[in-house]
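A look at the structure
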Amino acid sequence: MSVRTLLLVLGDQLDDGADALDALDPDRDAVWMAEVDEEITYVPCHKRRIAVFLASMRHFRDRLRGRGYAVHYHELGPDPDDDRGAGFAEVLAEDLARLDPDEVVVTLPGDHRVKESLERTVGELGLDLRIAGDRHFYCEPDAFARWLKGRKRILLEDFYRWMRKRHDILLDTDGKPVGGEWNYDSRNRESFGADGPGDLPHPPRFEPDEVTQGVLDLIEARWPDHPGRLGGFAEPVTPDQARDALDAFVKDRLPRFGTFQDALWKGEHELVHSRLSAVLNLKLLDPRDCVGAALEALQRGDAPLNAVEGFVRQILGWREYVRGLYWRFMPDYAEGNALECEDRDVPWFFWDGETDMACVADAMEGVLELGYAHHIQRLMVLGLFALLSGVQPYRFHLWHMALYIDAVDWVSLPNTLGMSQFGDGGVVGTKPYCASGKYIQRMGNLCGGCRYDPAASTGDDACPFTTLYWDFLMRNRETLEAVPRMGFQLKNVDRKGDDELAAIRKKAAEVLARVAAGERI
Ligand SMILES: Cc1cc2nc3c(=O)[nH]c(=O)nc-3n(C[C@H](O)[C@H](O)[C@H](O)COP(=O)(O)OP(=O)(O)OC[C@H]3O[C@@H](n4cnc5c(N)ncnc54)[C@H](O)[C@@H]3O)c2cc1C
Ligand code: SF4
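Just so you know, these numbers come straight off a predicted model, no measurement behind them.

The immediate surroundings of ligand 2 are formed by 14 residues, with C359, G437, C447, C450 and C463 found nearest. Listed by contribution, the elements that provide at least two residues to the shell around ligand 2 are α15 (358-370), α19 (437-442) and α20 (464-475). No other element matches the 3 residues that α19 contributes to the shell around ligand 2. Per-class residue counts for the shell around ligand 2 are 12 nonpolar, 2 polar and no charged.

Printed below as a string of structure tokens:
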């Protein structure tokens, strides 16, 4: 019997309350899901990223079947030759011919490339692909486009205030922001000081059940050479586990989240961050539950305003903002290369963490172990190194897509190519996040245990960040002069003598040549 409506569900659309499920009649309609090799190998995905996606998908399939839906599900097997390199298009085309649906529906995919590929495949069979609404997000792309229309400047802060008013969040009865300020970021830049963070409560662990264990075994059999480690896998892969992870964060870490949001500390990869990005991006967790739980903690007096506002701004502000920009500016956005970087790839130690730079080695330890680094490690350590050394922005994005469990195109691209690498020329962030090793020194304890000196830009112990920082400013001077708020940093270059600048240039060329030659730095 042919199917009336076939609903395609992708790996980042595991929303039990999805709009698209509302109208589905279990007797006449069906759901289609597929594990496809291409999505795992087009960049060599971290084993933990594969595990989070496949385990969450298989649990979602089982929940839907438990609710009476017919689910056509493609499981990959352990044989690497089985479906090698196959993408959505091939797998779907075969099934469409077999199931012969009257209509095909999908929630807006998280990746422009996938959306185009699905539209093409479905179109070739003479069918339309209907895009269903998506109530997971607070702001759909058309609402974002309406907000953006006619604006002279594109600024997170403007969007964020609009969202606070639109959803009545953290507002007093007179419509003014709770506490009198819209943003408490100025209180959220503390480092831990000499005593360090103390005993930090870690996120809860979720031991693999039979379904998850099956996925872990599959990965070791089929993709044994992929980067990252699987041992000790205990990520949340169901909505119940995601909710437990949220509750634990609100209780244990939210109170200090704001103050220490920008801090770094050796060996502490999570610090007081929530580690909720993956379950949010796979839609196992509703962003409204995150915002609601934080607001309740504020009301109970369990978390201060600067922490709650900071957390709300990440979810209601940044997360929705980058998605809006992604859909407004794709596909051209992916081409952005405002600093005209050459075709340089990420350094080899971004794959194995083997470097003498203590801050990079530390961040990479978290990435390889957990498929995770917190925001400041992403932006002000790994992203900063890529920016200063002139990595091509899209290549940085592809690396990020491979190694992070929370990476989905709509959120990774604006953060990597835009915020971190300034490839968009100032759409997501207003200026490049460029700094020397002294910033990293100020924010934690990493430089103390490093063979380099963050204050030195030349000589044997010169910190590569500091050398490359000055070189970056010189190299990109013409472009940066047109960027507001870069004047102060550029003036500091002018304060240096010609001899010093020439020595920095020479040292920077040496560092970049060593990286290119695969020599340890
Ligand atoms: C170079 C770079 C790449 C990034 N790539 C991704 C990515 O692929 N996926 C991803 O979800 N986030 C990405 N981010 C944003 C942010 O770093 C992560 O969301 C955050 O580190 C995830 O950890 P957490 O859940 O502990 O976040 P927390 O610090 O606890 O923040 C809470 C939540 O706010 C949201 N959030 C915070 N900052 C951002 C942001 N800039 N953009 C969108 N959402 C945000 C996330 O959902 C996050 O879970 C990237 C940032 C940078 C600088
Ligand atoms: S000295 Fe430089 S390389 Fe070493 S930890 Fe500090 S910033 Fe990183």
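More follows now that the structure is in view.
Turning to the nonpolar core, a few remarks are in order. A294 and I440 are the most contacted members of the largest nonpolar core, which has 144 residues in total. Those residues within four positions of I440 in sequence are excluded, and the remaining contacts are L264, C359, M380, V381, L446, C447, P454 and F465.

A word on the domain arrangement of the protein chain. Taken domain by domain, the protein chain comprises domain 1 (5-132), domain 2 (141-200 + 253-329) and domain 3 (349-516). A separation of 25 Å is found between the C-alpha centroids of domain 2 and domain 3. In this assembly, 22 residues from domain 2 lie in contact with 25 residues from domain 3. Those elements that provide at least two residues to the side of domain 2 that touches domain 3 are α11 (277-281) and α13 (305-329). Of the residues forming the side of domain 2 that touches domain 3, the biggest block, 5 residues, is contributed by α13. Taken together, the residues of the side of domain 2 that touches domain 3 sort by class into 10 nonpolar, 7 polar and 5 charged.

Time to look at the site of ligand 1. Lining the immediate surroundings of ligand 1 are 27 residues, of which H273, S274, S277, Q314 and S412 lie closest. The set of elements that each furnish at least two residues to the shell around ligand 1 consists of α11, α13, α16 (375-388) and α18 (409-420). In terms of residues, the shell around ligand 1 owes the most to one element, α18, which gives 6 residues. The residue inventory of the shell around ligand 1, partitioned by class, reads 10 nonpolar, 13 polar and 4 charged. Two domains share the shell around ligand 1, each providing at least three of its residues, namely domain 2 (141-200 + 253-329) and domain 3 (349-516).

With that out of the way, let us pick up the environment of T259. For T259, the position within the fold is in the loop between α10 (254-257) and α11. Judged by local crowding, T259 falls into the buried class, with 20 C-beta atoms found within 10 Å. Ignoring anything within four residues of it in the chain, the contact list for T259 reads R187, N188, E190 and N306.

The subject of this paragraph is the sheet that holds strand β5 (residues 129-132). Each strand in a sheet pairs with its neighbour through backbone hydrogen bonds, running either in the same direction (parallel) or in the opposite one (antiparallel). Judged by pairing direction, the sheet is parallel, and its 5 strands sit side by side in the order β3-β2-β1-β4-β5 without closing on themselves. With one partner strand each, in any of the chains shown, β3 (71-74) and β5 form the two edges of the open sheet. Within this sheet the neighbouring strands show an average axis-to-axis angle of 25 degrees, counted without direction. Bridge count for strand β1 (residues 5-8) against strand β4 (residues 103-107) is 4 bridges, and the pairing is parallel. Bridging across to β4, L6 finds its partner in V104. Across the sheet, helix α3 (residues 47-66) lies against β2 (30-34) and β3, angled at about 160 degrees from β3, the strand it touches most. Running at roughly 140 degrees to β5, helix α5 (residues 112-124) makes contact with β1, β4 and β5 of the sheet.

Definitions and cut-offs
Residues numbered from 1 in each chain as written. Chains lettered and ligands numbered in written order. Predicted model: local features only at pLDDT ≥ 70, side-chain atom pairs only at ≥ 80, totals over all residues. Near = placed C-beta within 6 Å. Helix = DSSP H or I, 4+ residues; strand = E, 2+ residues; numbered from the N terminus. Nonpolar A, V, L, I, M, F, W, Y, C, P; charged D, E, K, R; others polar. Core = buried A, V, L, I, M, F, W, Y, C linked by C-beta atoms within 7 Å. Buried ≥ 20, exposed ≤ 12 C-beta atoms within 10 Å, placed from the backbone. Contact = placed C-beta atoms within 7 Å. Domains from an automatic or database assignment. Pairing = 2+ DSSP bridges. Axes fitted to C-alpha atoms, helices over the stretch in contact; angles between N-to-C directions.

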